[in-house]
Amino acid sequence: MKFPSRNLNTAIKSALSAGLLAVFVGCAPKNNPSDTVQNPILLPAVHPMFLEMPVPSGGIEVNQNPPILRRPAVKGKDVVYEILLSQDSTFKNTTPVKTRMAVYNPHRKLENGAWYWQYRKEGADDREISKFIVTEAAVPVVSPEADELIQSIPAEHPRTLIGKNEISALRSLSDNADAQAVIADAKKYLDGRIPREKDAYATRKVDDKRQQRKLDQDASQNLSSSTYDRIVSLTQAYLLTGRDEYATPAIAVAMEVASWNPDGITQLSDFGDARCMLGMALVFDTFYDRLDADQKEKLVKAVSHRAARFYDDWINNIEAKVLSGHVWQHILHYFFQTAISLHGETPAADDWLRYAYELFIARAPVLGGFDGGWVEGVSYFRMNMETMIDIPLFIKKFTGFDFINAHPWYKENIRWAAYHIPPGSSADGFGDNTEEVFSPGAEYIAYAEETAKLTGDTLASWYARECRKYEQPDLSKTKTLRWVRLAKTRNLPLPEYDRNPVLPTGAVFRDAGLAAMHNDIAHTPTDLAVTFKSSPFGSYGHILCDQNTFNILYGGKRIFYRTGY
């Protein structure tokens, strides 16, 4: 690789000056410099592991209308909260709303002006009152009540992977590349041995109990995930073809999983536990008319046991926690689909769906903000793509509310991708596993195309097409967003794009604490990039302790790159 060293040095100096100023002025918490040096231990965390103070409070102007009201969770089972919200600080004639969640969404647009709210444990003598200001500048994100979602779910099955009235159109797609790939995957499982619960135990045995538990946990997750993949492939292939050769083994595998001990080896891994749960739920929903009463009862019982465990562990917990990575990567999406599948079959399913809906609307994007960043990094964002797209599509299908176009993050998120993993370029270098990401790849192209179709955003369309100049992956071979594309968005057009978009040389994502400077963002072979991180999220989960540092790339290649610190 050749580049003029003098120009490179000049560009780096210029980029460092502008970029570091943007990061440390625009991203980092604003404190008195002398206080920062003298008393660093006194500075509060911007995003502590668990919420420590009411949000919003202190008379701040909120950026969303209505704002999501959050307060530290009170520990304990079956805690019930009372919420008071009014423009009258005395709450005269205000009826408290009761909820088990440590979060509250008013689900209505609030009038401009000062608002007061109180969030206390039922029966407690807590008189702390928080205040916030609503202005015309607040972005309206007015979602419907959870009961509207629940009441809109059809009584007939199937309804999760696809609606009953949509099957005939789906089965006309014999020439579709995604459909052919789904069927090819399913054929691999037609002659396979049905897995058994004993297969979830590690074959290797050691004396150390903690090490043995980890080995068993990994083996359990591997079995549950492979079983889930088998069920999903066979079920999707059946929906595409209507052929018994896919239905029969899918049902057989699900009934085998239903016979496993839900408190046994397969719940050691939360991913594995959730995949067992959803795999059975999808078979129950898809093959409802083929199952006898005994099979239905066994599946509902087995699914409910696992779903109830997630629900009991999450409520009054996850909504107050800065991040629970596995929940937001996949499990919330699994749980949401499970609740839809079992709606009307067990009363608890509506409680699960109500919680999953409120949690998603209140906290998504959990690792971003309005300006589109994703602090966990470009590698692990791939794990969140389907959750961030598919849950809103379910909500829109059943209620008409379009979260993707209501929330500013979605369009801005593509801008983050363009600056932090440009077409034909390695990743910015921040976050776990970015050392393994040398190009956007199939996942980012698929995600950008779906975003473009759903929002009409021309930058997303440009990003996807520009990426294809450097790499030509077969998206049908990548499962990420394949079923979404096939069953939900196949008829949506990819918008046209500006071949010469106006892209500033720098972009700052203050909510996540990221910034990137480029001298030729639209042409990677001659682009010099300097990326920065100074994040209010600190180091948590897959967010590494790479704070207040920078990386340098030229022509999409790594020049000065991540150390992890």
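One structure accompanies this document, and this report is about it. Per chain, residue numbering runs from 1 following the sequence as it is written. Selection of residues for local features in this predicted model requires a pLDDT of at least 70, selection of side-chain atom pairs for listing and counting requires 80 or more, and totals for whole chains, interfaces and linings are taken over all residues. Hydrogens and waters are ignored; side-chain quantities use all the structure's heavy atoms.

Put simply, DSSP marks the helices as runs of H or I at least four residues long and the strands as runs of E at least two long, and each gets a number from the N terminus on. The helix and strand inventory of the protein stands at 18 helices and 14 strands. Along the longest, intermediate and shortest principal axes, the C-alpha atoms of the protein span 70 × 70 × 55 Å. Contacts between residues were defined by any pair of non-hydrogen atoms, one from each residue, lying within 4.5 Å. For the protein, long-range pairs separated by at least 24 residues make up 72% of all intrachain contacts whose partners lie at least 6 apart in sequence. In short, Shrake-Rupley with a 1.4 Å probe defines the accessible areas, and a residue's cover is counted only from the protein chains shown. Accessible area of the protein: about 24500 Å², with a carbon and sulfur share of 50%.

Take the sheet that holds strand β10 (residues 506–509) next. Two strands make a pair as long as DSSP finds a minimum of two bridges between them. Pairing is antiparallel in the open sheet, where 5 strands are placed in the order β10-β11-β12-β13-β14. Two strands close off the open sheet at either side, each with one partner strand: β10 and β14 (557–560). Between one strand axis and the next, the sheet turns through 20° on average, direction left out of account. Relative to strand β13 (residues 549–554), strand β12 (residues 528–533) runs antiparallel, the two sharing 6 bridges. Across the sheet, V530 pairs through a bridge with I552, a residue of β13. Angles shown run from 0 to 180 degrees and are taken between the N-to-C directions of axes, each axis being a line fitted to C-alpha atoms and, for helices, limited to the stretch in contact. Across the sheet, helix α15 (residues 409–420) lies against β10, β11 (514–518) and β12, angled at about 125° from β10, the strand it touches most.

Here we take up the pattern of salt bridges. One speaks of a salt bridge when a side-chain nitrogen belonging to Lys or Arg is within 4 Å of a carboxyl oxygen belonging to Asp or Glu. Going through the model one piece at a time under the given rule, you end up with 29 salt bridges. Close ionic contact of D147 with R354 constitutes a salt bridge, the shortest N to O distance being 2.7 Å. Pair noted here: D147 is in helix α3 (residues 146–152) and R354 is in helix α11 (residues 348–363), with a separation of 207 residues, a long-range link. The classification of residues rests on relative accessible area computed with a 1.4 Å probe and restricted to protein chains. Under 20% of the type maximum is buried, over 50% is exposed, and intermediate values are partly exposed. Classification of D147 as partly exposed rests on a relative accessible area of 37%. Among the residues examined, R354 registers a relative accessible area of 31% and is labelled partly exposed. In this structure, R196 engages E256 in a salt bridge whose closest nitrogen and oxygen atoms are separated by 2.8 Å. Placement of the pair is R196 in the loop between α5 (177–187) and α6 (209–241) and E256 in helix α7 (residues 244–258), with a sequence separation of 60 residues.

The next thing to look at is empty space enclosed by the protein. In this analysis, the protein atoms alone were mapped onto a 1 Å grid. Cavities are point sets where a 1.4 Å probe fits without being able to get out; pockets are open sets with protein on both sides within 12 Å along at least five of seven lines; lining residues have an atom within 4 Å of a point. Grid points are joined across faces, edges and corners, and a volume is the space filled by probe spheres set on the points. The tally for this structure, following the rule as stated, stands at 1 cavity of 30 Å³ or more. Quantified by volume, the largest cavity comes out at close to 30 Å³. Residue lining of the largest cavity: P422, S425, H518, T524, D527, L528, A529, L553, Y554 and G556, and that is the complete set. Elements supplying a minimum of two residues to the lining of the largest cavity: β12 and β13. Looking at the lining of the largest cavity, its residues break down into 5 nonpolar, 4 polar and 1 charged. Ten residue types, Ala, Val, Leu, Ile, Met, Phe, Trp, Tyr, Cys and Pro, are classed as nonpolar, four, Asp, Glu, Lys and Arg, as charged, and the remainder, Gly among them, as polar.

A few words on the pairing of strand β4 (residues 81–86). Across the 6 residues of β4, 6 count as buried, placing the element largely inside the fold. Of the two faces of β4, the one lined by Y81, I83 and L85 and the one lined by E82, L84 and S86 are each fully buried. Bridge count between β4 and strand β5 (residues 97–99): 3 bridges; the pairing is antiparallel. The residue bridging Y81 from the neighbouring strand is T99, located in β5. For β4 and strand β7 (residues 113–121), the ladder comprises 6 bridges, and the chain directions are antiparallel. Across the sheet, the residue bridging to S86 is Y116, located in β7.

This part covers the packing of aromatic side chains. Stacked, edge-to-face and tilted are the three classes for Phe, Tyr and Trp ring pairs, Trp counted by its six-membered ring, which pair at centre distances within 6.5 Å; planes under 30 degrees apart are stacked, over 60 edge-to-face, the rest tilted. This model, assessed by the stated rule, comprises 23 aromatic pairs. Aromatic side chains Y238 and F287 sit 4.9 Å apart centroid to centroid with 50° between the ring planes, which places their arrangement in the tilted category. Taken together, the residues span a long stretch of sequence, with Y238 in helix α6 and F287 in the loop between α8 (270–286) and α9 (293–314) at a distance of 49 residues. Both residues of the pair, Y238 and F287, belong to the buried class. Ring geometry for F336 versus F394: centroids 5.9 Å apart, planes at 45°, classification tilted. In this pair, F336 is assigned in helix α10 (residues 325–342) and F394 in helix α13 (residues 385–399), connecting sequence segments 58 residues apart. Here F336 matches F394 in class, with each residue buried.

Further remarks concern the layout of surface pockets. Empty space within the largest pocket amounts to approximately 1500 Å³. At the level of secondary structure, the elements contributing two or more residues to the lining of the largest pocket comprise β1 (60–61) and α11. Its residues assigned to classes, the lining of the largest pocket comprises 28 nonpolar, 8 polar and 7 charged. Of all the elements in the fold, those that place two or more residues in the lining of the second largest pocket are α6, α8, α10, α13 and α18 (482–487).

So, about the side chain of S461. Considering the arrangement of structural elements, one finds S461 in helix α17 (residues 458–467). In this structure S461 comes out as buried when scored by relative accessible area, which is 0%. Beyond its immediate stretch of four places on either side in the chain, S461 contacts A452, L494, P495, E496 and Y497.

Quick look at the environment of I231 now. When you line up the elements, I231 lands in helix α6. Under the relative-accessibility criterion, I231 is labelled buried at 2%.

A cis amide bond links V55 to the next residue, P56, at an omega of 0°. Relative to the helices and strands, P56 resides in the loop between α2 (33–38) and β1. At the junction of H157 and P158, the peptide bond is cis and its omega measures out at -5° in the coordinates. On the secondary structure map, P158 appears in the loop between α3 and α4 (167–170). Backbone geometry places N93, a non-glycine residue, at a positive phi of 65°. When you line up the elements, N93 lands in the loop between β4 and β5. In the Ramachandran plot, N316 falls in the positive-phi region, its phi being about 65° despite a non-glycine side chain. Mapping N316 onto the fold places it in the loop between α9 and α10. For N316, a relative accessible area of 11% gives the class buried.

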